[in-house]
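Residue-level structural notes
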Amino acid sequence: MNTSWIDKFKGLSRLPDDIRTALVAGSQIVTVPAGTQVFAPGQTADNLLLLLDGTVRVQQKSDTGREVFLYRVHAGESCVLTTACMLAFEDYSADGIAETDVTAVAIPRKTFDDLAAKSPIFREFIFTAYSRRITDLFTLIDDIVFQRMDVRLASRLLELANADNVVRATHAFLGTELGTAREVISRTLSEFQRRGWIEQSRGEVRLTGREGLERMVKSAGAEV
């Protein structure tokens, strides 16, 4: 395995040659099929995964069984929960699911510990990614507590829509994304459809009035 993958991660490209060599020698590239559970509550965090391709969805299940979306790990990123568990020697408290086929670099604990001790650049990479995601999680908490559900749903539809303005997702999936019940999503989508902003079919939502959704999100931001 050559060192070219290192340059895909902002912050690691500055590593000196000896640390790059040690990182490559102590890691391996792994592939995970879509739908695979990458980690689960109670499991030990043995490897830090740096994603080269694909996405991993991190979510937590409440005592009532409701799944709450926390964040996604995209190509060029690492998982902050894994980082936290490795630093604190704690087990996972959430699920990580491969949403697509995933290719990643797996850095075992020994390599992780050695490089964190030896390299200020590697430590900076770890803690920069950690602090950025923690900020995202505080934003998520703020959204759940203070922001209207219709605004949050409009924003998420805009985020998830593909180039054809189609969101391929069930009401249950959108409920998990936003930490609310499927019924709440269904009612809100029905209102969006009444306004002419969307059309619904089985397993997908087509954005027919994207401008209306954007106005709602923008006006809510202006109020804050």
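Residues numbered from 1 in each chain as written. Predicted model: local features only at pLDDT ≥ 70, side-chain atom pairs only at ≥ 80, totals over all residues. Heavy atoms only, no water.

1. Section: the UniProt feature "domain: HTH crp-type" (unreviewed entry) in the chain
- Under the local residue numbering, the UniProt record ascribes the feature "domain: HTH crp-type" (unreviewed entry) to residues 147-211.
- The span residues 147-211 is 54% helical and 15% strand by assignment, and the distance between its end C-alpha atoms comes to 20 Å. (UniProt positions renumbered as here; feature names shortened; annotations may be inferred. Helix = DSSP H or I, 4+ residues; strand = E, 2+ residues; numbered from the N terminus.)

2. Considerations on the sheet that holds strand S10 (residues 204-207)
- Reading across the sheet, the 3 strands line up as S8-S10-S9 and stay open at both edges, with antiparallel pairing between neighbours. Looking along the sheet, the strands with just one partner apiece sit at the ends: strand S8 (166-167) and strand S9 (198-201).
- In terms of strand pairing, S9 meets S10 through 4 bridges, oriented antiparallel. Across the sheet, the residue bridging to glutamate 199 is arginine 206, located in S10. (Pairing = 2+ DSSP bridges.)

3. So, the layout of surface pockets
- Considered as a void within the structure, the second largest pocket measures approximately 350 Å³ in volume.
- The wall of the second largest pocket is formed by 16 residues, among which Lys10, Phe125, Thr128, Ala129 and Arg132 lie closest to the centre.
- The biggest single contributor to the lining of the second largest pocket is helix H4 (residues 120-146), with 8 residues.
- A per-class count over the lining of the second largest pocket returns 5 nonpolar, 4 polar and 7 charged. (1 Å grid on protein atoms, 1.4 Å probe; cavity = no way out; pocket = protein on both sides within 12 Å on 5 of 7 lines; lining within 4 Å. Points joined across faces, edges and corners; volume = space filled by probe spheres on them. Nonpolar A, V, L, I, M, F, W, Y, C, P; charged D, E, K, R; others polar.)

4. Considerations on the domain arrangement of the chain
- The domain architecture assigned to the chain consists of domain 1 (4-144) and domain 2 (147-219).
- The C-alpha-based centres of domain 1 and domain 2 are spaced at 29 Å.
- Both sides together, the interface formed by domain 1 and domain 2 hides about 870 Å², and carbon and sulfur atoms give 43% of it.
- At the boundary of domain 1 and domain 2, one finds 2 salt bridges.
- Salt-bridge contacts for glutamate 177 lead to arginine 72; the nearest nitrogen and oxygen are separated by 2.7 Å.
- Across the contact surface, domain 1 and domain 2 share 3 residue pairs in polar contact (both at pLDDT 80 or more).
- Examining the composition of the side of domain 1 that touches domain 2, we find that 4 residues originate from one element, strand S5 (residues 67-73), more than from any other.
- Each residue belonging to the side of domain 1 that touches domain 2 can be placed in one class, and the counts come to 3 nonpolar, 1 polar and 7 charged. (Domains from an automatic or database assignment. Buried area = accessible area lost by both parts, 1.4 Å probe. Salt bridge = Lys/Arg side-chain N within 4 Å of Asp/Glu carboxyl O. Polar contact = N/O pair within 3.5 Å; in protein donor to acceptor, adjacent residues only side chain to side chain.)

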